[in-house]
Amino acid sequence: MQNLYDYKKYAILYVDDEELSLKYFTRAFQNKFRVYTAANAQDGFVLLEQHKDEIGIVISDQRMPGERGVQLLEKSRQLRPKILRILASAHTDFDAAVEAVNSGAIYKYIHKPWEVDPLDEILRRAMEFYIVQRERDQLLKEKMSVLHNLMITDRVVSLGLLAAGLGHHIRNSLVAIRTFLDLAPEKLREEKVDIDELRNPNFWRDFYEHVQKQLGRITELLTDLGLASSEKPTRFSDSVDLQQFISEVLPKVKTTIGDKTIRIENNVPAGLKLNVDHYKFSRFFELILKDEVLNLPEGGKVEIGARQETGEDGQPVMKLTVRDNGPGLAQESIRSVFDPFFIRADNPQEFGINLMACFFIIYHHGGKIEVQSQPGEGTTFVATLPLNPAERSLVQNDRDFLPQMLANEALWEKLLAGTA
């Protein structure tokens, strides 16, 4: 029967104060598993801290100088609760076994000297359990992310329908309002100067400019709502040099900064190519940088970076980063930052329409965008994109999750029952 598991995907840490036991364990299992060894609990825990994301199983002898095995396994549980822990002892140490089981510190208890074949069976079962457990957690994490995105999508589609329905009527009304405002300054000169104008000679001019600005915001809001919720196919015929592309976008953004002193640095290396929908991708940078400018304090800085790397499926992807030195976001706000109704605490006048549109532009390019932030440490937006979105997408279809999850659940149940 073909083996379904890669037993070297995660490593085994074996801790024992007997040098021969360490050598014997390595010789017996290194061909099938990745093996780390340590001669005492202290060195074992150092190795575990260094390789905590690689190690799936920890085996420790109970009676060693210094810390006992149970103590090491308990510390391992606190560091990485999902790591499977096995206690080994050459003595009939019933109290140690009871303590380990009661503290939840062990997966198995084995006697020394152990035999290769029975231990090999235990290690295979344990590694299979750990691999499926990790895959199950990853699937659940991805599922929650997809559900969150679907919830946003549902709200955005509703907003898009509303924008499409109202856009025509509102724009018609805006034409009439703009016409009135264009005529208003001339007409106002013919009227008697009132007390407000006496107090402020520029009252009507300032009022006129303010209203024009607000009308512009309404028009832009409707445009961005339509862009985010658009079901029109995205065209990826434009191959762009990212450094040059961003350099062309920046002047458009700088016109929106106004009196704020915000520095925007284009740190994208030359020569990086990406297939994009030129209009939508340009709008992505305009919107995300506009959001950055609106929410950064005076003297803030935004750095734009990019690098090509290998994706999870082994294919090349482009990582775009937009990093600021602002006040950062609270952890509870990170999940909601792409919600159109999210209001940032540092700028309660601005809604999340800009970032919502950014989310869907990246989504339509077959990519995904995430936000990383810590209070006081700035905020970083990371967009991961396929080099050619027309050929592949990083966004997993939600329909794929059900059969994948059910298959994983079946393996999970078999492993728990010991029948896999």
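What you see is a predicted model; the values in this text were computed from it and never measured.

A look at the environment of T37
Phase 1 of the analysis: Relative to the helices and strands, T37 resides in strand β2 (residues 34-38).
Phase 2 of the analysis: Residues T37 and E19 lie 18 residues apart in sequence; the distance between their C-alpha atoms is 9.9 Å.
Phase 3 of the analysis: Each residue touching T37, except ones within four places of it in the same chain, is listed here: L13, Y14, L22, T26 and L47.

Remarks on the sheet that holds strand β5 (residues 108-111)
Phase 1 of the analysis: Judged by pairing direction, the sheet is parallel, and its 5 strands sit side by side in the order β2-β1-β3-β4-β5 without closing on themselves. With partners counted over all chains shown, the strands left at the sheet margins are β2 and β5, one partner each. Going across the sheet, the axis of each strand differs from the next one's by a mean of 20°, ignoring polarity.
Phase 2 of the analysis: One ladder, built from 5 bridges, connects strand β1 (residues 11-15) with strand β3 (residues 55-61); its direction is parallel. Bridge pairing links L13 to V58 in β3.
Phase 3 of the analysis: Strands in contact with helix α1 (residues 19-29) are β1, β2 and β3; relative to β2, the strand with the most contacts, it is inclined by about 175°.

A short note on the side chain of S76
Phase 1 of the analysis: Looking at the secondary structure, you find S76 in helix α3 (residues 69-79).
Phase 2 of the analysis: Discounting chain neighbours no more than four positions away, the residues touching S76 are F45, L48, V58, P81 and R85.

Focus on the packing of aromatic side chains
When we look at a pair of aromatic rings, we describe it by the centre distance and by the angle of the planes.
Phase 1 of the analysis: The final tally for this structure, using the stated rule, is 17 aromatic pairs.
Phase 2 of the analysis: Between F25 and F29, the aromatic rings sit 4.8 Å apart at their centres with planes inclined by 50°, giving tilted as the arrangement. One end of the pair, F25, and the other, F29, are both in helix α1, 4 residues apart, so they sit about a helical turn from each other. The exposure classification of F25 matches that of F29, with both residues buried.
Phase 3 of the analysis: Through a chain of ring-to-ring contacts, the aromatic side chains of Y5, Y7, Y14, Y24, F25, F29, F33 and W114 assemble into a single cluster.
Phase 4 of the analysis: Over the ring of F45 we find K75; its NZ or CZ atom is 4.4 Å from the centre of that ring.

Concerning the pattern of salt bridges
Phase 1 of the analysis: Under the criterion given, the structure shown has 16 salt bridges.
Phase 2 of the analysis: In this structure, the salt-bridge partner of E67 is K75, at a minimum N-O distance of 3.4 Å.
Phase 3 of the analysis: Each of K32, D120, E121, R124 and R125 takes part in one network of salt bridges that share partners.

The rules behind these values
- Residues numbered from 1 in each chain as written.
- Predicted model: local features only at pLDDT ≥ 70, side-chain atom pairs only at ≥ 80, totals over all residues.
- Heavy atoms only, no water.
- Helix = DSSP H or I, 4+ residues; strand = E, 2+ residues; numbered from the N terminus.
- Contact = heavy atoms within 4.5 Å.
- Pairing = 2+ DSSP bridges.
- Axes fitted to C-alpha atoms, helices over the stretch in contact; angles between N-to-C directions.
- Phe/Tyr/Trp six-rings, centres within 6.5 Å; stacked < 30°, edge-to-face > 60°.
- Buried < 20%, exposed > 50% of the residue type's maximum accessible area, 1.4 Å probe, protein only.
- Lys NZ or Arg CZ within 6 Å of the ring centre and 35° of its normal.
- Salt bridge = Lys/Arg side-chain N within 4 Å of Asp/Glu carboxyl O.

Note that every value here comes from positions in space, so none of it alone points to a role or purpose.
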